[in-house]
Every structure is written in structure tokens, then in C-alpha cells.
Amino acid sequence: MIRRCQTGQLKMLEVLIQRYKDPLYHFCLHLCKGKSAADDLFQDTWVRVLANIQRLDPDRPFKTWLFTVAANLYKDRWRKRKRWLEMVKDYHIADVLEQQLANLVADTPAPDQDILDYEQASELRRCLETLSDNLRIPVILYYFQELTVQEISQVLGIPPGTVKTRLHSARGKLKTLLEVT
Amino acid sequence: MKKNLDELLYAYGKATRFSPPDELIERTTSRLRKRKSLKLWLLLAAALGLPLLYAPFVILIVVPMPTPQLLLFISATTTFYNALIAVMWLTRTQLSKLAKEVL
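Everything numeric in this text was worked out from a predicted model, so none of it was measured.

Turning next to the confidence of the model for chain A. Residue and element names in this part refer to chain A. Residue-level pLDDT values for chain A average 79, and 72% of them are 70 or greater. Ranking the helices and strands of chain A by mean pLDDT puts helix H9 (residues 149–156) first, with 93, and helix H6 (residues 112–115) last, with 54. Within the model, pLDDT remains below 50 along residues 105–112, and this stretch shows nine contacts once partners closer than five positions in the same chain are excluded.

Moving on, we get to the side chain of Thr45 of chain A. Structurally, Thr45 of chain A can be placed in helix H3 (residues 35–52). With sequence-adjacent residues up to four places away left out, Thr45 of chain A is seen in contact with Leu24, Leu66, Val69, Ala70 and Leu73 of chain A.

Looking now at the nonpolar core. All names here are of chain A. In this structure, Phe27, Trp46, Val49, Phe62 and Leu141 are the most contacted members of the largest nonpolar core, which totals 61 residues. It is helix H2 (residues 10–32) that provides the largest number of residues to this core, a total of 12 residues. Formed jointly, this core draws a minimum of three residues from each of two domains, domain 1 (2–80) and domain 2 (95–180).

Our next topic: the domain arrangement of chain A. Residues and elements named next belong to chain A. We note that the domain assignment places domain 1 (2–80) and domain 2 (95–180) within chain A. Each partner contributes to the interface: domain 1 provides 17 residues, whereas domain 2 provides 15 residues. Here domain 1 meets domain 2 over a buried area of about 1500 Å², counting both sides, of which 63% is carbon and sulfur. The tally of links between domain 1 and domain 2 comes to zero salt bridges. Taken together, the links from domain 1 to domain 2 amount to nine residue pairs in polar contact (both at pLDDT 80 or more). Listing elements by their share of the side of domain 1 that touches domain 2, those giving two or more residues are H2 and helix H4 (62–78). Residue classes in the side of domain 1 that touches domain 2 are distributed as seven nonpolar, four polar and six charged.

The rules we used
- Residues numbered from 1 in each chain as written.
- Chains lettered and ligands numbered in written order.
- Predicted model: local features only at pLDDT ≥ 70, side-chain atom pairs only at ≥ 80, totals over all residues.
- Heavy atoms only, no water.
- pLDDT = per-residue confidence, 0-100.
- Helix = DSSP H or I, 4+ residues; strand = E, 2+ residues; numbered from the N terminus.
- Contact = heavy atoms within 4.5 Å.
- Core = buried A, V, L, I, M, F, W, Y, C linked by side-chain atoms within 4.5 Å.
- Buried < 20%, exposed > 50% of the residue type's maximum accessible area, 1.4 Å probe, protein only.
- Domains from an automatic or database assignment.
- Buried area = accessible area lost by both parts, 1.4 Å probe.
- Salt bridge = Lys/Arg side-chain N within 4 Å of Asp/Glu carboxyl O.
- Polar contact = N/O pair within 3.5 Å; in protein donor to acceptor, adjacent residues only side chain to side chain.
- Nonpolar A, V, L, I, M, F, W, Y, C, P; charged D, E, K, R; others polar.

The structure is reproduced here in C-alpha cells:
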């Protein structure tokens, strides 16, 4: 399918979008902390994928490459765009996300509800936002996307040992902030 | 009550798995389609527009003319390039958006 995309078949890219839309959107949503920013990142990622699909090594898993593109775009663009207007927008969006989470957690039956209630989810989200991107992104990829350390190292272009160290530091900080075991 | 952090993180990850709205997928695919056709139009516009940009210079060099006409033509050429620069400056945000979209 990747090879067919590389020959310029837009239909194949649309099939890829359908296949990877959920994990990518989930990743964007956690990365950007807000819905409209996540929507923009989602769209820009696919535009970048279309522009650079020729460079993709067909032997490399598409999902990790997709996450690399999204993470790089986020680093390049979104962190530099912290103007006051967007900060106001993010504040509003954080409320929307919290509301969505509240609805979803309320609709989600056990067993997850035994582990996580709405207050804990909000607290966890707030604690995650205090982490630097270097620590937060590996956490998102490891726990929310359920990628392996090897895959994360591929996505971020860092050695697996560094990924483990960052995960360890992030866990340490979160444990202190959340007062959990 | 103390809970395991790993369990909390996995549960949070599962609880926040929102699917993208259909409208976003539609917008994304139409943007990708538009981008492809936009590239073709831009190539065509560049092929037609670039010779036009150089036309005053070519006329100035190739066509022999007496001094009064030459001065008039130089003045007209200068005005043409000034206007071009002004239009580009005024539309710089749109131009940069277009460049980002296509490149």
C-alpha cells in the first residue's frame, strides 16, 4: 500500500487515513492538549505525509513514521506559537476536553472506572501538562499509544536507553505529583 | 487510596481514545486533493508568469529606441516592478500560506 502511495495514488493515502486516523488523532489530542490545535496538527501531519511519502523506507513501520512526522511538526510549529490568543483558546479547549472526558468516563463501563474516575483523570491530565515535552511525549507513546521502547526510540530518533531514562523520570515526577505507588 | 501509576496511565489512555470527527477526515482528504491540483496550477502559472516578469528587460535590451522613448520605457518598467513588489508585500501572508500548503 505504501509503495502504491509513493507512486502518487491519492486513493491509497485515503485508505491509510482511514486505517490510522484513530491512533494519530489520539496522539495529536494528547500532544496539543486541545481539540482545535489537535485537528490542525492532524491535518498538517497528513499534508506532510503526502509531501514526504517518497522518502519513507517501505521496510519501516508506517505507524512509527506517522508519529515521527506528527511529533516533529508539533515541535517545529506548535511550541513556537504560544501567543496570548492561543493561550486563551487552549484554556477554553482544556475545559472542552475535560467535559469530553467526563462524558466518556461516565459512559465507559467497568473495569476502567474502577481504576480511574473523573477527578483522577483531570488531575492526571493536569500533572501530565506540567511535564516537559521530552518526558511527556514518551509517556504518551508508551502508555496511551502502547508502543514498545524500541518503537518509541524509532519515533523520536533517540536510543532506547534514553527512552527508558525519560520514562523513569516521568514516572518519578508523576508519582510525586499524584501521590500514587 | 493509593493506586498503581501504570494502571492509572493505561486507564487514562484508554478512556481518552476519541475518534476524529468525520468532518475532520473529510476536510483532510479534500485538502490533500486540493493540494495536488494546486501544485499543477502553480506550475502552469509560473510557466506563464515568469516570461512576463522578464518581458520589460528583454524589450529594453532587444528593441532599439531613441532616448525619449527609452527614458519613458525605463520609467514604465520601474513602475511595473514597484507595483509588483507592492502587491507581493500586501499579499505576503497569503503567499506564505500558499507556499506552506504546496511545498
